[in-house]
Structures are given as C-alpha cells and as structure tokens.
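Understanding the architecture of this molecule
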Amino acid sequence: MEALLKRELGYGSVKATGHSGGGCISQGQSYDTDGGRVFVKVNTKAEARRMFEGEMASLTAILKTGTVKVPRPIKVLDAPGGGSLLVMEHLDMRSLGSHAAKLGAQLADLHLDNKRLGETLQKEAGTVGRGAGQVERPFVDQFGFDVVTCCGYLPQVNDWQRDWVAFYARQRIQPQMELLEQGSGDREARELWAALQLRIPDLFRDLDVVPALLHGDLWAGNVAEEPSGPVVFDPASFYGHSEYELAIAGMFGGFSSAFYAAYHGRVPKAPGFERRHQLYQLFHYLNHWNHFGAGYRGPSLSIMRSLVR
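Residues numbered from 1 in each chain as written. Predicted model: local features only at pLDDT ≥ 70, side-chain atom pairs only at ≥ 80, totals over all residues. Heavy atoms only, no water.

Rule in force here: UniProt positions are given in the numbering used here, feature names are shortened, and annotations may be inferred rather than shown by experiment.
The protein goes by protein-ribulosamine 3-kinase in an unreviewed UniProt entry, where it is assigned to Catagonus wagneri. Turning to the protein, the UniProt record has this under Sequence similarities (unreviewed entry): "Belongs to the fructosamine kinase family."

1. Some words on the packing of aromatic side chains
Two numbers describe a pair of aromatic rings. These are the distance of the centres and the angle of the planes. Put simply, the rule reads: When the centres of two rings from Phe, Tyr and Trp lie within 6.5 Å, Trp using its six-membered ring, the rings pair. Their planes under 30 degrees apart give stacked, over 60 give edge-to-face, and anything left gives tilted. Each helix corresponds to a stretch of at least 4 residues labelled H or I by DSSP, and each strand to a stretch of at least 2 residues labelled E; elements are numbered beginning at the N terminus. Between buried and exposed lies partly exposed: a residue is buried under 20% and exposed over 50% of the maximum accessible area for its type, with that area taken using a 1.4 Å probe on protein chains only.
Under the definition given, this model contains 18 aromatic pairs. Ring centres 6.2 Å apart and planes at 35° place the aromatic pair Trp-160 and Tyr-239 in the tilted group. Taken together, the residues Trp-160 in the loop between strand E7 (154-156) and helix H4 (164-183) and Tyr-239 in strand E11 (residues 238-240) connect sequence positions 79 residues apart. We classify Trp-160 as partly exposed; its relative accessible area is 33%.

2. As for the confidence of the model for the protein
Keep this limit in mind: As a per-residue measure, pLDDT reflects the predictor's confidence and takes values from 0 up to 100. It only takes one pair of heavy atoms within 4.5 Å for two residues to be counted as in contact.
Here the protein averages 94 in pLDDT, while 95% of its residues score no lower than 70. Contacts from residues 128-133, a stretch scored under 50 in pLDDT, to residues over four places away or in other chains number 9 contacts.

3. Things to note about the packing of helix H8 (residues 273-292) against helix H9 (residues 297-308)
The angle between the axes and the distance between the axes are what describe a pair of packed helices. Using the following cut-off: Structural elements are reduced to axes, namely lines fitted to C-alpha atoms, with helices fitted over the stretch in contact, and the angle between N-to-C directions of any two is expressed from 0 to 180 degrees. An angle counts as roughly parallel when it lies under 35 degrees, as roughly antiparallel when it exceeds 145, as roughly perpendicular when it falls between 65 and 115, and as oblique in every other case. Handedness of a crossing is defined here by the sense of rotation of the near helix relative to the far one, left-handed for an anticlockwise turn of less than a right angle and right-handed for a clockwise turn. When residues are sorted by character, Ala, Val, Leu, Ile, Met, Phe, Trp, Tyr, Cys and Pro go into the nonpolar class, Asp, Glu, Lys and Arg into the charged class, and all the rest, Gly among them, into the polar class.
Relative to each other, H8 and H9 sit at 150°, their axes nearing to 9 Å. When the axes of H8 and H9 are compared, the pair comes out roughly antiparallel. Here H8 runs over H9; the crossing is left-handed. Contacts from Arg-275, Gln-278, Leu-279, Gln-281, Leu-282, Tyr-285, Leu-286 and Trp-289 in H8 reach Arg-297, Pro-299, Ser-300, Leu-301, Ile-303, Met-304, Ser-306 and Leu-307 in H9. A class-by-class count of the residues in the contact of H8 with H9 yields 10 nonpolar, 4 polar and 2 charged.

4. Quick look at the side chain of His-288
Test applied: As used in this structure description, the phrase polar contact means that two N or O atoms lie within 3.5 Å; if the pair is within protein, one of them must be able to donate a hydrogen and the other to accept it, and residues adjacent in sequence are counted only when both atoms belong to side chains.
Checked against the element boundaries, His-288 lands in helix H8. The exposure class of His-288 is buried, given its relative accessible area of 13%. Within the structure, the side chain of His-288 is placed 2.8 Å from the backbone oxygen of His-284, a separation counted as a polar contact.

5. A short note on the nonpolar core
Operational definition: The criterion is simple. A nonpolar core is a set of buried Ala, Val, Leu, Ile, Met, Phe, Trp, Tyr and Cys residues joined through side-chain atoms within 4.5 Å.
Membership of the largest hydrophobic core comes to 63 residues, with the highest contact counts inside it found for Trp-164, Leu-196 and Phe-204. In this view, Trp-164 contacts Phe-143, Phe-204, Val-209, Phe-238, Tyr-239, Gly-240, His-241 and Tyr-280; residues no more than four positions away in its chain are not counted. Counting 11 residues, the second largest nonpolar core, distinct from the first, contains Leu-4, Tyr-31, Val-40 and Val-87.

6. Considerations on helix H5 (residues 187-199)
Heads up, the rule is: By this rule the span expected of a helix is its residue count minus one, scaled by 1.5 Å. Think of the arc as the fan of directions from the helix axis to the C-beta atoms.
Its 13 residues give H5 an end-to-end C-alpha distance of 19 Å, which sits within 8% of 18 Å, the value for a rise of 1.5 Å per residue. For H5, the set of buried residues is Ala-189, Leu-192, Trp-193 and Leu-196. Projection of H5 onto a plane perpendicular to its axis shows the buried side chains occupying an angular sector of 105°, all on one side. With respect to the buried face of H5, the exposed residues turned more than 90 degrees away are Arg-187 and Leu-198. In this structure, the buried residues of H5 make contact with H4, H8 and H9. Taking the backbone nitrogen of Glu-188 as reference, a side-chain oxygen 3.2 Å away marks Asp-186 as the first, capping residue of H5.

7. Considering the pairing of strand E9 (residues 223-226)
Heads up, the condition is: The rule for pairing is simple: two strands pair if DSSP sees at least two bridges between them.
Of the two faces of E9, the one lined by Val-223 and Glu-225 and the one lined by Ala-224 and Glu-226 are each fully buried. Alignment of E9 against strand E10 (residues 229-232), held across 4 bridges, turns out to be antiparallel. What sits directly across from Val-223, in E10, is Val-232. Joining the antiparallel neighbours E9 and E10 is a turn of 2 residues.

8. Observations regarding H9
Each α-helix winds once per 3.6 residues, and so residues spaced three or four apart point in a common direction. Spanning 12 residues, H9 covers 17 Å between terminal C-alpha atoms, matching the ideal 16 Å at 1.5 Å per step. Within H9, burial applies to Ser-300, Leu-301, Ile-303, Met-304, Ser-306, Leu-307 and Val-308.

9. Topic: the pattern of salt bridges
Selection criterion: Within this document, salt bridges are pairs made up of a side-chain nitrogen of Lys or Arg and a carboxyl oxygen of Asp or Glu, the two lying within 4 Å of each other.
The final tally for this structure, using the stated rule, is 20 salt bridges. A single salt-bridge network, built from bridges that share partners, covers Asp-186, Glu-188, Arg-297 and Arg-305.

10. Looking at the state of the cysteines
Keep this limit in mind: Pairs of cysteine sulfur atoms within 2.5 Å are what we label disulfides.
Counted under the stated rule, the structure contains 0 disulfides. No disulfide involves Cys-150; its sulfur sits 9.0 Å from the nearest other cysteine sulfur, which is in Cys-151. With a relative accessible area of 8%, Cys-150 lands in the buried category. Accessibility expressed as a relative area gives 2% for Cys-151, which makes it buried.

Structure below.
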C-alpha cells in the first residue's frame, strides 16, 4: 500500500499509523505522508470503484457548499489484489456530542444551499441560470446526481428527474422492491407496494419540493466531531427532498433534541411531515432488508400497511 500511494499520489514518504477503522462495508487505515496524514478506505468487491467514485463525488459536492465539514477527498485508486480504495484527508474525530446543535444548523444550511443559490441568481438576473457569472455553482432544478452513488453497497439510480414523487417511487423504492422480488419474492410486500404507489402523490399535495443536496445516509455512525465542530462522512449524495435526510437519522438513534431543534429552526416541518417521514424510512428499511436479511421485513411491511390505510 505504501508503494502504491507513493507512486500514484507522488508522496516521498508513506508510513502506516495506528489509526484504523471500518464498518460493515469497507475497512480503513491512516498513513502519515510528507503531504499530511491521509485515510484510505479499502473494499475488495469488484464494484468498489463505482461505490468510491460516488462517495468522492458526494464529498466534493458537499465540500463546495461550505456548510458542513467533510473529509477532503483525494483520489480513487485500484487496490492491490483487486477492488478499489478511496484516499481522503485524515481527520481526528470523536463521537458527536457538544456540537450536535451546530450539526443541525449546518445540515439545514446544506439543504438550503441550492434554494438560496437559485434565489441569488434570480435576484441578480431576473431569470434563473442567466446571472452575471458571479455565482460559480449553477442552480440545480432537478432531482438526481451526476454519478451513481451507493447506500451501503447497493447502487442508487440517480438519473435526473423533474418530478420528485416520480423520482422517489421509481428510482428509490422500485429498485429495492425488484431486489426483494429476485431474492424472496415476498407476496405481501409486492401487494402492499402496488397499493402504496397510488397513495404517494397524496402525501405531497400542495408541497413545493426544491432540490436539496443531501448527504443521503445520515445515521449516527456517519457523523462525528472534532474540536472545531461537526463532521459528516460516508455520504451517498443526490439532490432530493430535504425531509428524506431525516429518515435514517431517526431510525437508529444518535441524534439529540438539540440537533433537531437547530435543524427545524431553519427548516420548519411542513404539513404532512410525519407521514412522509414514514415513507422515507421505508426506503432504508427495504435497503436494510436487501443488505442484511428478513429481520427488516417486519418494519418494512408495517410502514406500508400504515401508509395505505
């Protein structure tokens, strides 16, 4: 690994440190280099390059907003022996604690960034997309992302769509249902999804959804803090509905009332939030069902039953 980093990134010296980590998808190791300390995530799966290229694009997009801190991505490389690796800035992180409220405020700013960008462009030129060139980033008026991103190891369909309801139904839930059909052919899940598809538009009546850049997988294991403030990592980004972000955050704990108070102080709950929150949690339960097995069948079906009543 040391020789690879020297060769591909031009470092003169590379030495492994005692810092390592990993989750259920990839493993990581820190290295001291003459260019600073870096963290290297490694995955041996054949599709790892696609996953890491999506993560690098996600980190880059979040970084450009200047809102919430992420590790600066450096490069995706082929790993020795197969698979790929992602090299990024090393950050000394600890569990989220005193900066929870700051994370809530910064996450809200991330979600509002594209909307504010559009408002700035409108103010400058009267027509979105025809500014005087003072804003470097364009306003995004569709839902999706330029590259495939992965939530876990499963790829997400990020083809651009102008309609959020169609995007979510066809490019988030439907692919998960197709994977379930291939794996277990669960009849009740299939029947519930057929009924739920007809109800989804009602959950968005009179709601104007402006595309927001999302982290995409914001659970407690993907947030931390350093002395100066919060950090988020392992994103699976795309432009979507800001409410989607809070679904997995509420499923596995780890976020305090201070986090939510700060967030909703900037992004208030819209009417119907609770039902849509269930709908967004459905994706993550289905995704966990496809990743980890039938232990997630119960909550997946329970949400669908609730939403079709």
